[in-house]
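The lines below spell out each chain.
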Amino acid sequence: MTEFADLIVEDAPGKRVLLMGNEAIARGAIEAGVGVATSYPGTPASEILETLALAAPKLGFHAEWSVNEKVAFEVAAGAAITGVRALTSMKNAGLNWVMDMFMTLVYGGVRGGFVIAVGDDPDAHYSSNEQDTRFAAFYGEIPCLEPADPQEAREMTRYAFELSERLELPVLVRSVTRICHASGDVEFGKIEKPERKPVFDRHWKLPWRWNVYGPPGPVEKHRWLHGQMPQIKKLVETIPWNKLELRGKPIFGIIASGLGASYAREAVKMLGLENKVAFLKLGTPTPLPEQLVGRMLKSVKSVLVVEEGEPLVELQVRGLAKDMNPDVKLLGKLTGSMPPVGEINTNIVAHALAKLVKRKLPADQPRELIKDEIKNLVTPRSSTLCAGCPHLGSYWALKLALRKVGGKVPIVNGDIGCYEQGGYGIVGKEYKLSFSTESVRYPIDSPYETLDTNYIMGGGVGLMQGQFQAGYKDGAIVGVAGDSTFFHACIPAVINAVYNKAKGLFLVMDNEWTAMTGHQPNPATGITATKEETKLLCVEDVAKACGVEFIQTVDPFDLKTTTAAIEEALKSDKFAIVVARHVCTLQAQRQKKFVGKRMIFDRDKCTGCKICVTFGCPGIIFKEGKAGLDPILCNGCGMCTEVCPTGAIRVEE
Amino acid sequence: MKKEKTPELNLIIAGVGGQGSIRASHIVGIAAIQEGMRARVGETFGAAMRGGAVASHVRIGKGIFAPLIAKDGAEIVLALEPLEGLRNAVKFLAKGGLLLTNTHAWMPVDVNIGRAEYPTLEAIKGAVEKLGGEVVAIDATSLAQQAGNVRTMNVVMLGALAGTGKLPISVKTLKEVVRENVPPKTIEANLRAFELGFKTIQ
């Protein structure tokens with residue numbers, strides 16, 4: 001078995017391997033001789049740095065999981081300022097954290113190649129929104145490269161470093177879930193080893209190059225940025241990923257960017273239109289290759305624009321058409337030919353194309369009717385916490401404590417991480433809208449309905465303060481967050497709570513890993529991205545330094561003590577932090593540190609009360625009026641023995 | 001199925017997180033590349049959580065671009081779990097396609113808490129047949145136990161898939177790729193698992 005870490009650093013140009021899009025991006029950076037790579041985990045982009053962290057010790061470059069995306073961006077930018085090639089990667093929402101530095105760094109740019117690799121998530125498979133980060137490149141006036149498949153992801157990332165150095169600007173590589181997490185055959189290129197001794201030169205080609213306020217100041221540096229655009233526009237006319245296929249007499253045209261081009265090619269094939277269409281495949285949605293677009297617009301009467309996300313290409317093409325061919329009919333998201341939200345696929349593009357050429361797609365109506373019938377058989381599979389997850393204990397304790405001392409309508413503010421599954425609910429449940437003018441309490445009748453609010457990293461601990469400052473009195477105010485989220489985004493909010501005298505319970509569910517994105521280490525883990533030991537930071541120590549006076553630490557496997565600590569915190573008249581710490585069960589199993597107990601279920605003692613079911617562990621089953629334990633899923637954590645009121649579940653002596 | 005001259009296969013490997021469907025789909029993808037074809041494996045997986053629905057779209061052949069199989073476009077759905085087989089067959093199985101499924105169910109929490117019912121294997125078979133599909137069910141979980149490691153169930157299913165003769169990849173290459181892509185300590189069990197699956201179908 002060839003270890004993946006050895007494969008990914010193999011200098012074997014021409015070798016074809018199966019790589020995930022994220023791994024292909026990492027390989028592109030390896031081939032370009034990246035010197036510093038940084039990231040904060042976020043699906044669908046996490047495997048970019050995971051791969052680079054495997055390669056870093058072998059090739060001698062630096063790879064780190066930074067505390068958040070903003071810091072990651074700055075670390076990479078700092079390296080690029082010294083002329084070293086750097087990459088920072090993040091998920092769509094991660095880019096929001098970096099915008100301050102992003103929008104300012106471009107005023108003067110970089111010296112070493114600087115690549116910003118972003119994994120967008122159309123359809124919000126793993127995200128709280130569908131934002132299209134290509135607009136950030138447009139906004140920041142830098143080029144955006146958008147691959148159509150894993151092969152292009154590798155080639156483009158590698159080229160992005162070269163382009164960045166030529167333009168002295170960061171370059172954004174925008175991927176999407178279906179490339180990040182899709183694997184494909186990728187051909188390796190050569191691994192470059194650029195000799196890059198980090199250098200610093202305050203006035204390199206521009207006065208006060210790295211100090212935006214340094215004379216001539218921001219406006220002149222903005223002018224410099226604008227001055228780069230003609231060169232970018234010229235380059236994108238000839239790069240290999242922008243390609244116009246214009247043969248014979250096409251009846252219509254397709255302009256397709258990134259993954260959209262892959263779907264469009266399939267759709268053309270599906271409809272047998274190969275020789276009837278002019279095809280402009282785009283690899284740079286911004287800036288557009290205006291000459292190529294112009295040639296397309298002048299050759300056909302109508303054009304369908306295909307892209308993942310918002311109509312960035314379409315809007316620009318619309319602007320160009322005004323000068324180049326005002327008569328051309330443009331179709332896309334703006335005209336309703338393509339759906340405005342969600343992700344696209346081959347069928348959606350084929351449907352739009354069929355309409356354009358006035359053709360009916362073959363449809364098997366009777367079969368569709370049968371499908372509608374069968375759909376009732378397809379039982380949903382709701383997302384859950386894992387069997388034996390410490391968060392199950394934390395939520396159970398929180399629920400019991402709130403029932404006792406939480407007041408009429410407590411508010412539980414959620415956050416991003418595994419524990420946010422406490423707010424997903426069960427698939428297919430219907431909710432009745434309320435138009436009440438008073439606070440309303442809803443029963444938590446499934447274990448996954450605990451969280452009342454949930455938006456972004458670190459959002460909950462801020463929201464809870466707003467509820468307090470607004471004077472909310474109808475119930476307790478609670479925020480929850482995980483260890484990685486605490487370090488990522490909660491510290492300023494904790495300081496704010498202390499400084500502005502907010503009160504409420506902040507429950508930190510510390511499982512020592514950034515678990516949801518695939519178990520990356522963080523400051524609470526004690527190891528780095530490259531598995532080196534490092535100082536372990538404690539949430540309690542940080543909270544204490546922030547001025548928090550009520551801090552208690554509990555083990556969520558111990559439900560009684562955890563409930564008691566939460567109760568006390570809820571009754572306290574201070575901003576109170578309870579740290580529920582227990583290592584992630586999956587991680588403990590992987591490290592063979594988890595010793596499951598042998599559980600015994602006594603069917604005679606079970607009264608069928610279903611209290612254990614509301615605990616929410618997937619290891620607990622309920623059949624024919626009685627509960628039970630799934631022998632494959634149950635891993636013997638023993639928490640449910642504390643939940644069962646009749647003693648039907650116990651640990652074997 | 002397309003003509004032999006341009007072998008192209010659209011295959012979905014469906015299962016539940018933790019069953020090894022992603023590993024299985026990568027084995028098929030790697031084997032296809034080794035035989036000179038292009039490959040796309042589109043995956044849907046999110047949290048590191050166990051127990052979520054996972055489906056890999058495996059596309060091998062020459063002229064393929066998209067990472068996802070079109071509606072009604074899969075010649076085969078290989079299901080490591082019956083309900084996940086049905087879920088994907090309804091959306092993606094082509095008329096005349098094959099659902100090759102393990103018989104061992106992994107109950108969703110929705111069923112465990114009494115909010116939904118799990119369809120019987122007969123109901124699943126009936127449904128897919130109504131759609132013009134063929135269903136072959138094998139007890140891959142038991143075969144994996146027989147092979148000496150219940151976690152080789154995914155490879156039992158790969159063996160069964162090879163046994164159908166519908167893969168445009170040689171059995172030799174597949175076995176070689178299995179050998180290279182499982183933990184060294186489990187190679188023998190995995191190869192036994194492959195054989196057991198293969199023989200059950202052949």
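Residues numbered from 1 in each chain as written. Chains lettered and ligands numbered in written order. Predicted model: local features only at pLDDT ≥ 70, side-chain atom pairs only at ≥ 80, totals over all residues.

**Examining the overall build of chain B**
Piece 1. What chain B contains, in helices and strands, is eight helices and six strands.
Piece 2. When its helices and strands are written in sequence order, chain B yields β-α-β-β-β-α-β-α-α-β-α-α-α-α.
Piece 3. Against the 2.2 N^0.38 benchmark of 17 Å for 202 residues, chain B shows a C-alpha radius of gyration of 16 Å, consistent with a compact globule.
Piece 4. For chain B, the C-alpha atoms occupy an extent of roughly 50 × 40 × 35 Å along the three principal directions.
Piece 5. Within chain B, the proportion of its 202 residues that are buried is 62%.
Piece 6. Excluding contacts between residues fewer than 6 apart, the proportion of contacts in chain B whose partners are at least 24 apart in sequence is 66%. (Helix = DSSP H or I, 4+ residues; strand = E, 2+ residues; numbered from the N terminus. Rg over C-alpha atoms; globule rule 2.2 N^0.38 Å. Buried ≥ 20, exposed ≤ 12 C-beta atoms within 10 Å, placed from the backbone. Contact = placed C-beta atoms within 7 Å.)

**Quick look at the sheet that holds strand β3 (residues 62-65) of chain A**
Residues and elements named next belong to chain A.
Piece 1. Strand order in the open sheet formed by six strands is β3-β2-β4-β5-β7-β6, and the pairing between neighbours is parallel. With one partner strand each, in any of the chains shown, β3 and β6 (144-145) form the two edges of the open sheet.
Piece 2. Against the sheet, helix α2 (residues 21-31) makes contact with β2 (36-39), β4 (86-91), β5 (114-120) and β7 (171-176), and its axis sits at roughly 160° relative to β7, the strand it touches most.
Piece 3. This element, helix α3 (residues 46-59), spans β2, β3, β4 and β5 of the sheet and lies at about 140° to β3. (Pairing = 2+ DSSP bridges. Axes fitted to C-alpha atoms, helices over the stretch in contact; angles between N-to-C directions.)

**Brief notes about the interface of chain A and chain B**
Piece 1. If you look at the interface, chain A gives 51 residues, while chain B gives 51 residues.
Piece 2. Listed by contribution, the elements that provide at least two residues to the side of chain A that touches chain B are β1 (16-20), β8 (182-187), α10 (259-270), α13 (346-356), α14 (365-374) and β20 (620-623) of chain A.
Piece 3. The leading source of residues in the side of chain A that touches chain B is α10(A), at six residues.
Piece 4. Within the side of chain A that touches chain B, the residues separate by chemical class into 23 nonpolar, 17 polar and eleven charged.
Piece 5. Sheet topology places β8(A) next to strand β2 (residues 38-44) of chain B; three bridges connect them, and they run antiparallel. Within the sheet, the bridge partner assigned to A:Ser183 lies in β2(B) and is B:Val41. (Nonpolar A, V, L, I, M, F, W, Y, C, P; charged D, E, K, R; others polar.)

**Focus: the domain arrangement of chain A**
For interface size, the figure often reported is the accessible area lost on association.
Piece 1. Once the domains are mapped, chain A shows domain 1 (4-236), domain 2 (243-356), domain 3 (390-426 + 437-590) and domain 4 (599-651).
Piece 2. Between the C-alpha centres of domain 1 of chain A and domain 4 of chain A there is a distance of 50 Å. (Domains from an automatic or database assignment.)

**Digging into the nonpolar core**
Piece 1. In this structure, A:Ile255, A:Leu507, A:Val578, B:Val77 and B:Val156 are the most contacted members of the largest nonpolar core, which totals 270 residues.
Piece 2. In this structure A:Leu507 touches A:Ser394, A:Leu398, A:Val478, A:Val480, A:Ile566, A:Val578 and A:Ala580, once residues within four positions along its chain are discounted. (Core = buried A, V, L, I, M, F, W, Y, C linked by C-beta atoms within 7 Å.)

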